[in-house]
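Next come the chains, spelled out residue by residue.
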Amino acid sequence: MAWENAVPSEDDIETCLTGREGVNDSFEYIVGASKALREVLDLVRTVAPTDSTALIEGETGTGKELIARAIHQHSTRRDRPFVKLNCAAIPSDC
């Protein structure tokens, strides 16, 4: 198939961005359908409505902030500011 013929339709793009096909319903900006991602999103759905603290760990570029935002957006605190903190930026002598 030529590249010109491989351009996705607007509906295909909407499905990818919104997760309309099921897995990522209501998780804006999270794209994917792997088993690992489904498990993480299940955890987000479990943790978000609670009044718990969540520690999100992972390598650089793995989407930790996206998951943190998803938890915040699905929590009872969604109307309050989302404050991100880069723990690596805190001096070790604090």
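Heads up: the structure comes first, above all this text.
1. As for the pattern of salt bridges
Okay, so step 1: Evaluated as defined, the whole model comprises 5 salt bridges.
Okay, so step 2: Salt-bridge contacts for Asp51 lead to Arg77; the nearest nitrogen and oxygen are separated by 2.2 Å. Linking Asp51 in the loop between α2 (35-47) and α3 (64-73) with Arg77 in the segment after α3, this pair joins segments that are 26 residues apart in sequence.
Okay, so step 3: Owing to a relative accessible area of 67%, Asp51 belongs among the exposed residues under this scheme.
Okay, so step 4: It is possible to trace a salt-bridge network through shared partners that takes in Glu65, Arg69 and Lys84.

2. Comments concerning the packing of α2 against α3
Okay, so step 1: Running from amino to carboxyl end, α2 crosses α3 at an angle of 35 degrees, the nearest separation of the two axes being 9 Å. Along this stretch, α2 crosses α3, giving a crossing that reads as right-handed. Residues Val40, Leu41, Val44 and Val47 of α2 form the contact with α3, whose participating residues are Ile67, Ala70 and Ile71.
Okay, so step 2: Class assignment for the residues of the contact of α2 with α3 results in 7 nonpolar, no polar and no charged.

What counts and what doesn't
Residues numbered from 1 in each chain as written. Predicted model: local features only at pLDDT ≥ 70, side-chain atom pairs only at ≥ 80, totals over all residues. Heavy atoms only, no water. Salt bridge = Lys/Arg side-chain N within 4 Å of Asp/Glu carboxyl O. Helix = DSSP H or I, 4+ residues; strand = E, 2+ residues; numbered from the N terminus. Buried < 20%, exposed > 50% of the residue type's maximum accessible area, 1.4 Å probe, protein only. Axes fitted to C-alpha atoms, helices over the stretch in contact; angles between N-to-C directions. Left-handed = near helix turned anticlockwise from the far one by under 90°. Contact = heavy atoms within 4.5 Å. Nonpolar A, V, L, I, M, F, W, Y, C, P; charged D, E, K, R; others polar.

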